[in-house]
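# Summary of structural features
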Amino acid sequence: MPRYLRVVLLCALLPAGMAGQTPQPGDPAPDFTLPLLGGGELHLADTRDHPVVLNFWATWCKPCSQEMPDLLKASSSDSSAGLVLIAVNLSDQEDRKDVRRFVTRLGMTGPVPLDEKGKVRQAYGLTAVPTTVFIGRDGRIQSIVAGPVSPAALRRGVAGILRPL
């Protein structure tokens, strides 16, 4: 399927009810287990007691490519505070070889979970790609940015989840 059709289909499907009920700030972050690009699995529950930046992205999404360096930089600079970046690829929308190319091109070194069936996307009620969810150490959603996250919004979101319990 041509890339432009994937973008059109995703944009058409999400608002039309393909997404589930969107969790709100203060709600517990929906738990999930996803396979990783390099093998193994990632369990969101394993990040409890850590601040988490949960980002949903796709290779064909230009804003995803533009914001990923800022996300990687934030996760690297705040890793000593326990910050965890979980960059979930919307694999139900694309090929694994494209994901590998994207990861290599941007120098992503952390685990890359693959939402191969779109269930996590649905659990979080995604209405835009990219979407970034800031999850506190208590496992509750602090804030959500639907669409590209600006550097300022990223700083605010990270500051909000780095606070101790």
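Before going into details, it helps to say that this report is about the structure given with it. (Residues numbered from 1 in each chain as written. Predicted model: local features only at pLDDT ≥ 70, side-chain atom pairs only at ≥ 80, totals over all residues. Heavy atoms only, no water.)

### Quick word on the packing of aromatic side chains
Applying the stated criterion to the full structure yields three aromatic pairs. Arranged with centres 6.3 Å apart and planes meeting at 75 degrees, the rings of Phe32 and Tyr124 form a pair that is edge-to-face. Highlighted residues: Phe32 in the loop between α1 (3-18) and β1 (33-35) and Tyr124 in the loop between α4 (119-123) and β5 (131-135), separated in sequence by 92 residues. Residue Phe32 shares its accessibility class with Tyr124, and that shared class is buried. Centre to centre, the rings of Phe56 and Tyr124 are 5.5 Å apart; their planes meet at 50 degrees, and the pair counts as tilted. In this pair, Phe56 sits in strand β3 (residues 52-57) while Tyr124 sits in the loop between α4 and β5, placing the two residues 68 residues apart along the sequence. As far as burial versus exposure is concerned, Phe56 and Tyr124 are alike and both buried. (Phe/Tyr/Trp six-rings, centres within 6.5 Å; stacked < 30°, edge-to-face > 60°. Helix = DSSP H or I, 4+ residues; strand = E, 2+ residues; numbered from the N terminus. Buried < 20%, exposed > 50% of the residue type's maximum accessible area, 1.4 Å probe, protein only.)

### Some points on the state of the cysteines
Counting across every chain of the model gives one disulfide. Paired through a disulfide, Cys61 and Cys64 show a sulfur-sulfur distance of 2.4 Å. Across the S-S bond linking Cys61 and Cys64, the dihedral sits near 80 degrees, which makes this disulfide right-handed. Taking the relative accessible area as the measure of exposure, Cys61 reaches 3% and is therefore buried. Overall, Cys64 belongs to the buried group, its relative accessible area being 0%. (Disulfide = S-S within 2.5 Å.)

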